[in-house]
Structures are given as structure tokens and as C-alpha cells.
Amino acid sequence: VKEYLRTGDEFSIKGTIKNHGAKAIDFYDVQYQIGDNAPVTVTLDTRIEPASIEEFTIEGIKTDADGKFDIVVTITDLDGHTDEDPSNNSLTATIYSMSNLATRKILLEQFSTAQCSNCPRAHEILETIVGDGEDVAWVIHHAGYGYDTFTADASRKYVAFYGGYTYAPALMLDRTNLAEQGALGSSTNGSIPSQTPIFQITSENATRKLIDYSLSQPAFVSLNIEETYNAENSELQVRVSGKALVEFSDATFMNVFLTESGMVNYQSGASNANDYVHNHALRTTMTPTWGDEMTYNEDGTFEKTYSLNLKSAWNPENMEIVAFISNYNEDDLNDCIVHNAEKKKITYSSVESIDNNKCNVWTNGKTVCISGEYKHAEIYAMDGRLVKTIDAAPSFDIENAGIYIIVVDGVTTKIAIKYVNHSMIF
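Parameters and conventions
- Residues numbered from 1 in each chain as written.
- Predicted model: local features only at pLDDT ≥ 70, side-chain atom pairs only at ≥ 80, totals over all residues.
- Heavy atoms only, no water.
- Pairing = 2+ DSSP bridges.
- Helix = DSSP H or I, 4+ residues; strand = E, 2+ residues; numbered from the N terminus.
- Axes fitted to C-alpha atoms, helices over the stretch in contact; angles between N-to-C directions.
- Polar contact = N/O pair within 3.5 Å; in protein donor to acceptor, adjacent residues only side chain to side chain.
- Contact = heavy atoms within 4.5 Å.
- Core = buried A, V, L, I, M, F, W, Y, C linked by side-chain atoms within 4.5 Å.
- Buried < 20%, exposed > 50% of the residue type's maximum accessible area, 1.4 Å probe, protein only.
- Parallel < 35°, antiparallel > 145°, perpendicular 65-115°, else oblique.
- Left-handed = near helix turned anticlockwise from the far one by under 90°.
- Nonpolar A, V, L, I, M, F, W, Y, C, P; charged D, E, K, R; others polar.
- Salt bridge = Lys/Arg side-chain N within 4 Å of Asp/Glu carboxyl O.

(A) Seen up close, the sheet that holds strand β24 (residues 360–364). On the basis of which strands lie adjacent, the open sheet formed by 3 strands has the order β24-β25-β28 and antiparallel pairing. Of all the strands in the sheet, the pair left with one neighbour each is β24 and β28 (395–397). Between one strand axis and the next, the sheet turns through 20° on average, direction left out of account. Relative to β28, strand β25 (residues 367–371) runs antiparallel, the two sharing 3 bridges. The partner of valine 368 across the bridge, within β28, is phenylalanine 396.

(B) Inspection of the side chain of glutamate 342 at higher detail. Along the chain, the position of glutamate 342 falls in strand β23 (residues 338–345). Within polar-contact distance, the side chain of glutamate 342 engages the side chain of lysine 105 at 2.6 Å. Once residues within four sequence positions are removed from consideration, glutamate 342 is found in contact with Lys105, Leu223, Ile225, Ile321, Val322 and Ala323.

(C) Here's a closer look at the nonpolar core. By size, the foremost hydrophobic cluster in this structure holds 23 residues, and its most contacted members are Leu236, Val238, Val240, Met254, Val256, Phe302 and Leu310. Leaving out residues up to four positions away in the same chain, methionine 254 has contacts with Leu223, Val240, Thr287, Gly291, Asp292, Met294, Phe302, Lys304, Tyr306, Ala323, Phe324 and Ile325. In terms of nonpolar packing, the next biggest core, distinct from the first, is built from 22 residues, Ala143, Ala170, Phe257 and Cys336 among them.

(D) Up close: the packing of helix α1 (residues 119–129) against helix α3 (residues 204–215). It is at 10 Å that the axes of α1 and α3 come closest, and there the two elements cross at 50°. As far as their axial angle goes, α3 and α1 are oblique. The two elements α1 and α3 meet at a crossing, and its hand is right-handed. From α1, Ile125, Leu126, Thr128 and Ile129 reach across to α3, where they touch Glu204, Thr207, Arg208 and Ile211. Considering only residue class, the contact of α1 with α3 consists of 4 nonpolar, 2 polar and 2 charged.

(E) Representation of the sheet that holds strand β4 (residues 40–44) in the model. Spatially, β1-β7-β6-β3-β4 is the arrangement adopted by the 5 strands of the open sheet, whose pairing is mixed. Here the strands that pair on one side only, and so sit at the sheet edges, are β1 (4–6) and β4. Strand after strand, the sheet turns through a mean of 30° between neighbouring axes, direction not considered.

(F) Representation of α1 in the model. Every buried residue of α1 is listed here: Cys119, Pro120, Ala122, His123, Ile125, Leu126 and Ile129. Buried residues in α1 make contact with β8 (106–111), β9 (136–141), β10 (170–173), α3 and β18 (276–278). Backbone geometry just downstream of α1 places glycine 131 in the positive-phi region, at approximately 55°.

(G) Quick look at the pattern of salt bridges. For the structure shown, the criterion picks out 13 salt bridges. A salt bridge links glutamate 109 to arginine 175, with the shortest nitrogen-to-oxygen separation between them at 2.8 Å. Of the two residues, glutamate 109 is situated in strand β8 and arginine 175 in the loop between β10 and β11 (184–187); the sequence distance between them amounts to 66 residues. The exposure classification of glutamate 109 matches that of arginine 175, with both residues buried.

Structure (C-alpha cells):
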């Protein structure tokens, strides 16, 4: 269970149960009690074979008052019978229910490069754990094991978080040293407890525990992102606002990142090495590398606005804004902790599609199909380059993945062709 909870918000209890008996269990009861409240019993219709281990989740729980509470969770029934040995059927956890708590999102920074043969496996592990989870802002720095075509200037500087010996794949969660939670670093002598916020991805289970721990930590500042994008001049404006719910004892700094996904390039160690899809890559920072020092209004609110013209090589439809507030201490790598993070995809529409009574345009793999009669079509890349001209052909191929503008007899529409491994989605 999360240790810190916002009063009134729903939360869940997750547990693991092992059947030490000689017979299978078809159902069992889980009872939980929060503080002095009445116990609540939930029946779980899950079969557990002898010597097997199963996980359970109870959702929709909440507290209505601030305070520190013990949650006692007990297995109380096995197929309608009492357990012969109930001594190991109960666990207790402590939670803190607080009204002045913001919704927690963590900053996950991964270090990975094209030369790293172990990195594809690390990507798979993180995809399994994180996926498209709304509570994790995932950023990949193409650094730590050399550099590659996707390395951003800021990522080169963030290598300082290693404190010396660099390697990949590696992780950083909220720029926090998690050695006490079991995080392992690396050195010329092998694995050691993490000396800095960066640690090894040793296994899915170990990484999941560290991510769950980070998600359980309290957040005392909220963030909200609003953005506008002008496709005509590629200008992105980002407004980050929010509120500090406590008075921070040290200076805090705003950081705004731009990441991009869906980029096809080489990756060592992948089965499709030359057609690997790179995601979450840091493209640039809209703030200084180590952040923009914060000032708060008397009521704790704040607002900052940033603007940037995106490079023509970037695809705004695949880009995400990541904002976070952190400490920064250039003399102490372990004193740069992230207080909270937020993320938002760029809302993008390059052109308004115009209905054409004469023709329909669609894609089939890398082939663009145009039905109906027309005289002339022009295909443009998003940076305005004329890629191809076609006269009255029912179909033609576009070899490179990307977003394209097609003008058919003066009527404009937009298509997206994206390669994934050796197949294509559009």
C-alpha cells in the first residue's frame, strides 16, 4: 500500500499469498482494518494450487480523515474453513493520510545508447512495468555508454549523476539515491550499493519494487501543463502552473523537457537492429540544464511560460512535454531530488483536412492510394520539402517513415507512415 495518501482519494492494497497446504484453495477471504474502523472482508475467487504463490489486489479503498493509521490485512477464510495455522496470515502497514498532498508522478530517467547490447532487454522490462502509465514520466538519455545520434546536450551533462564510472542500461528515479531500498550501482569491481541516484536494472522484480517505492512517496507540489503549437512556424509555447503545498527549505528549480518517440534507427542487441524503434528520447530542454529557479506567490501558486521553435527533423505528433520541480546542489549529487513531475503530449494539427468529393486518400503500408479522378498530386515533408509529384496515378510508394502533406488538385490532407520493426503502422 502507498505510505502517503491524499485524504479522500481511492487507493489499493496489493498482497502476495502462498498456499503451504497439501490441497488447492478455490477461494479465500481477505480482511483489512484501517485504524479503529470496522474490518472489511473481501472474498477472492482465485484458485491457488499447493505450494503456489498468487498476488491479489483490493481496490476502491479510501480514508476520510487526516492522520497516521495502521492497516492490518488478514487472510481469514480458506474455502469456507479456518486455517489450521493462522500465525502467518496477517501483515500490518502504516499509512499517512494527508489533505495537503498532490498527486504523485515520478520522473524515470533511463540511460541507454545505440551501442548498448543489453539495452533492448532493459527497454522490454520497463515497458512491462511502466507501459503508458499516467503516473510515470519516462525520459531516455542517450548517454552512459558512449553517445549516439539521439544524444541531447543536456544528457551529456547529466552523466555527472554517475559520479564517475558510467554504464548502460541504467536508471534514475526522481534523482533520488535508492541504495537503502536495494538499488545497486556499478564499478570496475562489480555491483555495489548505489553511491548516487543512478542504479542498475538488475531484474524486472527489483526494478518494479524501486518504481513502486518511488510512487509511494509524498508530493507536496502540484504541476499542470498547458501548451500551444503553431505548425506554420513550428513554435511551441508551454505554460507550467501549480501550487506548493508546503514551504520548501531549499531553493527549487523548474525543469521542462521535450521527448520524442517512434524514431527508427540502429540498436545493438536488438533482433531488428537496423529498424529499432526508439522512444522517450530527450530532444532538448526548454529550461537551463539544471532548471530555472522557482519563486512562489504567498499562497504557494506559481506560473512559468517557455517557448521554443522545434527543429524540422522532429515530429511534434510523437513528442511529449515533461515538467518537474527539483532541488539542485552542484556539490552533492544526492541532493537533487525531484519533488513531483507532470507530462503532456503536444496537441498537434498541422493542417485542416479538407473533404474532397472527387478523391479519397489512404495508406496501405508504404503505399499511398488515391481513389477517383485527379490530375496532379504533390507530396510534402513536414519541413516543407517537396518529396514527390504524381500525375493521375492510383497509387505510389513513400519509402521513408514520417508525416506528409498531400495536395491533390489543390485539396490538402495529411498522412502518417510509421515503421515498427519490419512492419508498418499508419
